Amino acid sequence: MATFTLTVNGKKQAVDVDPNTPVLWVLRDHLNLVGTKFGCGMAQCGACTIHVDGVATRSCMLPVSSVGDQKVTTIEGLSEKGDHPVQKAWLEHDVPQCGYCQAGQIMNAAALLSETPNPTDEQIETAMNGNICRCGTYVRIKAAIKTASKNLNA
Amino acid sequence: MTKMKTSIGRRTFLKTSALAGGGFMLSFSWLAGCKPAPDMVELPKEWFELNGYLKIGDNGLVTIMSPNPEIGQNVKTSMPMLVAEELDVDWKNVIVEQAPLNTSVFTRQLAGGSQSISQGWKSLRMAGATARNMLREAAAKTWGVPVDEITTEASMLYHKASGKSASYGEMASAAAKVEVPKEVELKNNSDFKIIGTSRNNVDGKKIVTGQPLFGLDYKQQGMLIAMIAHPPAFGMRLKSVDDSQARAMPGIKDVFTIKTYPEDYAQQWCDVDSFPELVVVVGNTTWEVMNARKALKLEWEQFQDHEISSSTFWGTTVKIKVPGGLENSAQHNQVMATASKSAKVVRKDGNPEAVFKKAAKVVERSYSAPFLAHNTMEPMNFFANVTSDKAELVGPIQTPEFMEKSIAARLGLPLEKIDIQMTRQGGGFGRRLYGHFLVEAAVISQKINAPVKLIYTREDDMSFGVYRPAYHARYKAALDENNKLIGFHVNAGGIPESPLFANRFPAGAVENYLAESWTAPSNISVGAFRAPASNFIAGAEQSFLDEVAEAAGKDPIQFRLELLDRALNNPVGERNDYEAKRLMGVLELVRSKSNWGQDMPNIHRGVSAYFCHDSYVAHVIDLAMENGKPRVEKVHCAVDCGIVVNPIAATNLVEGGSVDGIGHAMYSGLTFTNGTPDQTNFNKYRLIRHKEAPKAIEVHFVESTVDPTGLGEPPFPPVIGALANALYKATGKRHYSQPYLGETITLG
Ligand code: FES
Ligand code: FES
């Protein structure tokens, strides 16, 4: 066990855990941030996507010891009022079915748009390919990303 | 206007959940469902419960209970819409709460068979209409006017003649004292204001902001985490446990074995005991428990042939043979070939043997599909807190009514001491019909005498069983010299269940018809998977009909319509389970909406249509070829599911079902080596991804006044036929065996 001080959603928080503990479980079990989801535990489904210094990262295989002072953002901290353009576009398109994969999809989409504000269809598909949706909401996700992109650039 | 007898008592909602308000930590109120976001509205000082489905606040806010499990089929929005419609309430004043299991108030709290809306169509509307009548009675009494003269609109009561009006909030307290009417009138369809209009997901805001909603998110003070270890292969059971190392690991509270069911227990259809004895690790946190489980040293042994008795969904008791031995996918093909030779005749019309002898042309083809794992994105999990006199369970389950019985039997508690609360569920697809994980969680909690959350990893989930069975079907068609279909023969079966629906199309449309069914036993456990059996047989049959149409030199839509014309006007046989007219309707709709028959550069098309779960769906798929690879440019869907309650969500569900069908046919499959699944996570088990998804999907609903029918399942089966038929047009190659990717094609 060791103590790590993480900056999560702008707040510094200390946790006492095994250094190998994936950030996913630190968030869910220790910091009560359960918006980040567990889907596979092996960086294959994207449900656990968070931002580490703004970069979309799979938290299920990211040991807490590797984070250091990098800033962690989770779905709960993506925006203060839940009004990030991506979140708004998701609501406008009524994207979710079961909803379980959507936090990961949103975090990945938000990272894509901050890097590539006007992505082509192909760029969207490539960037989002690591996020599985068993309910099959892919067409709506793409449409929502385009709406968010339009609103971001308006 | 439909008059109906009410079946709602005065105070039916007696069993208020103990979890009300206190379930989640983080100041999240368990019951504060949804819409409008509870932090943005002022809560009433007092609620008045008019019946078990709804209560009205003194400020006009209305809480509507959503009785059925929400697995992504959107019933948490669409079922309350039915109540709100007849209550005549303004939707923006509605808060939705997930109801706990309560069989004294709600009927059929089950998510399965695409039945929630059709079964709730009358009861939910009745609940709304009953409350509306009580409000009108209250207003009539208060104003001293006849009740017939009281009208309502958008949460308001009016008496036109005197110009009096009041809000529902103002009249709620008086309404709560009014007798429940014996009979109520339901609205005419033409008066609907909410049904048939698009209403966004009531949990949308919570989903996109990552609020706790799902079973895995649930927490209680003092809660421990548990995981199980099950045998690595079907056909094996636990022999010995060495837990000395695991016990000594940090954060570990206990390691022990459990039997999920008692020795002489008569299973229900939704019980699963492919692995009767499990090893359990309990500890403080997920990561600690995961690590300790890896340190277990477990030995397994093979079990022998045995028989179990189980009740079916319909309540009859059946004996099921469970063979011993470790099975291999390579042998399954042989097993199926042998079993298909001793098939039973399920339906026979005319003289099929004779027509096959004299036919001008005979087409014969075989189709197969592998086992599939459900892979809901949220793996199996459940919370349990069992004390000496009661059991509290919280989590994702499609069959709370049934599981309550299993838990009661296992714990030796009466049914009324079992409390089941449903969370939002990260997918169902049939997997959460089989609630062994509730029983496991309950047994674990009882044993450690503490609240516990049982968590499955993806690997646990994918290797536990309850798979979609492996299937095989052989079709034979006889054409006469005028290319008329004069004989049809299907021989279908599976390991261990048959996919045959002998009385569906083309039964009724062909003079000489033979349907045969067989099964082959297995110790690999199976269960319902989105559109059970239809999910295979539709694709097989619709691919085959495409080949028969081609052999007959006919357009595939025209060919089907001609057959359906026969089924409509001069049906063969006594019992045909589909309405030919509605199947024709979706084919005609998809034909016109897709501009079928119009040539487009580099677009290759396939069509398919199928009936299941009382609904009718037809698909046309447009494939484009790029660098020798097919790509789904567009999916056109025509759907007849009766009245569409919530178009935006219904469209989403049809899109999702189409993507899901294409994905499974193309990529997914579970194979076995010595009883062990070869795929246990998404590195090897393929699900469709963004790049492979259709570029566009168009959904068209048939305008209808028929009461609503299923929608969660019907769009899945037919899309597979349309895909196979479009692939043939694009590549010249027919596909007979799923996943088609195994035949070296990728979508991209
Ligand atoms: S849980 Fe991390 S990628 Fe699946
Ligand atoms: S919405 Fe259910 S997995 Fe994506």
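Residues numbered from 1 in each chain as written. Chains lettered and ligands numbered in written order. Predicted model: local features only at pLDDT ≥ 70, side-chain atom pairs only at ≥ 80, totals over all residues. Heavy atoms only, no water.

Caption draft 1: Structural view of the interface of chain B and chain A. With 60 residues of chain B in contact, the opposing surface of chain A contributes 54 residues. Buried surface at the junction of chain B and chain A, summed over both partners, amounts to about 5,000 Å²; 58% is from carbon and sulfur atoms. Looking only at chain B, the three residues that lose the most surface to chain A are Val208, Met377 and His690 of chain B, adding up to 17% of its buried area. Joining chain B to chain A, the criterion identifies five salt bridges. Glu655 of chain B is the partner of Arg140 of chain A in a salt bridge, and the nearest nitrogen-oxygen pair spans 2.8 Å. Secondary-structure elements contributing two or more residues to the side of chain B that touches chain A are α4 (204-208), α6 (286-294), α11 (458-463) and α15 (647-667) of chain B. In the side of chain B that touches chain A, the residues fall into 24 nonpolar, 22 polar and 14 charged. (Contact = heavy atoms within 4.5 Å. Buried area = accessible area lost by both parts, 1.4 Å probe. Salt bridge = Lys/Arg side-chain N within 4 Å of Asp/Glu carboxyl O. Helix = DSSP H or I, 4+ residues; strand = E, 2+ residues; numbered from the N terminus. Nonpolar A, V, L, I, M, F, W, Y, C, P; charged D, E, K, R; others polar.)

Caption draft 2: Structural context of the domain arrangement of chain B. Residues and elements named next belong to chain B. Structurally, chain B comprises domain 1 (2-194), domain 2 (215-306 + 380-455) and domain 3 (351-372 + 467-731). With 25 residues of domain 1 at the interface, the matching set in domain 2 holds 26 residues. Counting the contacts that link domain 1 with domain 2 gives zero salt bridges. In this assembly, domain 1 and domain 2 are joined by five residue pairs in polar contact (both at pLDDT 80 or more). Partitioned by chemical class, the residues of the side of domain 1 that touches domain 2 number 13 nonpolar, eight polar and four charged. (Domains from an automatic or database assignment. Polar contact = N/O pair within 3.5 Å; in protein donor to acceptor, adjacent residues only side chain to side chain.)

Caption draft 3: The arrangement of unusual backbone geometry in detail. Residue and element names in this part refer to chain B. Backbone torsion omega between Phe505 and Pro506 reads 5 degrees, so that peptide bond is classified as cis. Position of Pro506 among the secondary structure elements: in the loop between β24 (485-495) and β25 (512-519). With an omega dihedral of -5 degrees, the bond running from Gln738 to Pro739 counts as a cis peptide bond. With respect to the helices and strands, the residue Pro739 is situated in the segment after α16 (716-731). One non-glycine residue, Asn74, lies in positive phi territory at about 75 degrees. Looking at where Asn74 falls in the secondary structure, it is placed in the loop between β4 (62-66) and α1 (75-87). Even without being glycine, Asn627 reaches a positive phi, approximately 50 degrees. One can find Asn627 in the loop between β27 (615-626) and β28 (629-640). In this structure Asn627 comes out as exposed when scored by relative accessible area, which is 78%. (Buried < 20%, exposed > 50% of the residue type's maximum accessible area, 1.4 Å probe, protein only.)

Caption draft 4: Inspection of the pattern of salt bridges at higher detail. One pass over the structure, following the stated rule, counts 38 salt bridges over all chains. Across the salt bridge formed by Asp121 of chain A and Lys146 of chain A, the nearest N and O atoms sit 2.8 Å from each other. Residue Asp121 of chain A is found in helix α4 (residues 121-128), and its partner Lys146 of chain A is found in helix α5 (residues 138-153); the two are separated by 25 residues along the sequence. Classification of Asp121 of chain A by relative accessible area gives partly exposed; the value is 35%. Among the ionic pairs, Lys634 of chain B bridges to Glu698 of chain B, the shortest N-O distance being 2.9 Å. Taken together, the positions of Lys634 of chain B in strand β28 and Glu698 of chain B in strand β31 (residues 697-701) put the pair 64 residues apart, joining distant regions of the chain. Residue Lys634 of chain B is classed as partly exposed on the basis of its relative accessible area, which comes to 24%. Under the relative-accessibility criterion, Glu698 of chain B is labelled partly exposed at 27%.

Caption draft 5: Broad picture of the packing of aromatic side chains. What the rule picks out here adds up to 27 aromatic pairs over all chains. Between Trp25 of chain A and Phe38 of chain A the ring centres are 5.1 Å apart and the planes differ by 55 degrees, which places this aromatic pair in the tilted class. Of this pair, Trp25 of chain A sits in helix α1 (residues 23-30) while Phe38 of chain A sits in the loop between α1 and β3 (49-52), and the two are 13 residues apart along the sequence. The exposure class of Trp25 of chain A is buried, given its relative accessible area of 4%. With a relative accessible area of 3%, Phe38 of chain A lands in the buried category. Each residue in the set Phe234, Phe275, Phe371, Tyr456, Phe464, Tyr467 and Phe672 of chain B is aromatic and connected to the rest through ring pairs, giving one cluster. The aromatic ring of Trp121 of chain B is capped on one face by Arg125 of chain B, whose charged end is 4.5 Å from the ring centroid. Across the ring face of Phe402 of chain B, the terminal group of Lys405 of chain B is positioned such that the distance to the ring centre comes to 5.1 Å. (Phe/Tyr/Trp six-rings, centres within 6.5 Å; stacked < 30°, edge-to-face > 60°. Lys NZ or Arg CZ within 6 Å of the ring centre and 35° of its normal.)

Caption draft 6: Inspection of the sheet that holds β25 of chain B at higher detail. Residues and elements named next belong to chain B. In spatial order, the strands read β17-β25-β24-β23-β18; together these five strands make up an open sheet with mixed pairing. The open sheet has two edge strands with one neighbour each: β17 (344-349) and β18 (361-369). Across the sheet, the mean angle separating the axes of adjacent strands is 10 degrees when strand polarity is ignored. Of the pairings in the sheet, the one linking β18 to strand β23 (residues 470-479) comprises nine bridges and is antiparallel in character. By the bridge assignment for β23, Arg365 is matched with Tyr475. (Pairing = 2+ DSSP bridges. Axes fitted to C-alpha atoms, helices over the stretch in contact; angles between N-to-C directions.)

Caption draft 7: Expanded view of the confidence of the model for chain B. Residues and elements named next belong to chain B. Per-residue confidence for chain B gives a mean pLDDT of 92; residues scoring 70 or more make up 94%. For residues 10-39, every residue scores under 50 in pLDDT, and the model assigns this stretch 87 contacts once sequence neighbours within four places are set aside. Taken as a whole, residues 743-748 scores under 50 in pLDDT and shows 25 contacts with residues more than four places along the chain or in a different chain. What the predictor reports for the complex is a pTM of 0.95 with an ipTM of 0.99. (pLDDT = per-residue confidence, 0-100.)

Caption draft 8: Broad picture of α1 of chain B. Across its 13 residues, α1 of chain B extends 18 Å between first and last C-alpha, which sits within 8% of the 18 Å expected from 1.5 Å per residue. Backbone geometry just after α1 of chain B places Asp88 of chain B at a positive phi near 65 degrees. (Expected span 1.5 Å × (residues − 1).)

Caption draft 9: Quick peek at the nonpolar core. All names here are of chain B. Within the largest apolar cluster, 144 residues are counted, with the highest numbers of intra-cluster contacts made by Phe371, Leu393, Ile407, Leu438, Ile444 and Ile621. Ranked by residues supplied to this core, first place goes to α16 with nine residues. Not counting residues within four places of it along the chain, the set of residues in contact with Phe371 comprises His332, Tyr467, Arg468, Pro469, Ala470, Ile495, Ile524, Val526, Gly669, Leu670 and Phe672. Among the nonpolar cores identified, the runner-up in size contains 54 residues, and Leu485, Ala540, Leu563 and Ala618 belong to it. (Core = buried A, V, L, I, M, F, W, Y, C linked by side-chain atoms within 4.5 Å.)

Caption draft 10: Quick look at the packing of α4 of chain A against α5 of chain A. Residue and element names in this part refer to chain A. It is at 11 Å that the axes of α4 and α5 come closest, and there the two elements cross at 120 degrees. Relative to α5, the element α4 is oriented oblique. The handedness of the crossing between α4 and α5 is right-handed. Between α4 and α5, the residues in contact are Asp121, Ile124, Glu125 and Met128 and Ile141, Lys142, Ile145 and Lys146, respectively. Here the residues of the contact of α4 with α5 sort into four nonpolar, no polar and four charged. (Parallel < 35°, antiparallel > 145°, perpendicular 65-115°, else oblique. Left-handed = near helix turned anticlockwise from the far one by under 90°.)

Caption draft 11: Representation of the pairing of strand β7 (residues 156-159) of chain B. Residue and element names in this part refer to chain B. Only one face of β7 is covered, namely the face carrying Leu157 and His159; the face carrying Met156 and Tyr158 is uncovered. Relative to β7, strand β6 (residues 150-153) runs antiparallel, the two being bridged by four bridges. Paired with Ile150 across the bridge in β7 is His159. Hairpin geometry of β6 and β7 is characterised by an intervening segment of two residues between the two adjacent antiparallel strands and by a positive phi of about 45 degrees at Ala154. Here β7 runs beside strand β8 (residues 164-167); their pairing, made up of four bridges, is antiparallel. Pairing of Tyr158 across the sheet is with Ser165, part of β8. With antiparallel pairing between neighbouring strands as the criterion, β7 and β8 make up a hairpin whose turn holds four residues, including Gly163 at a positive phi of roughly 75 degrees.

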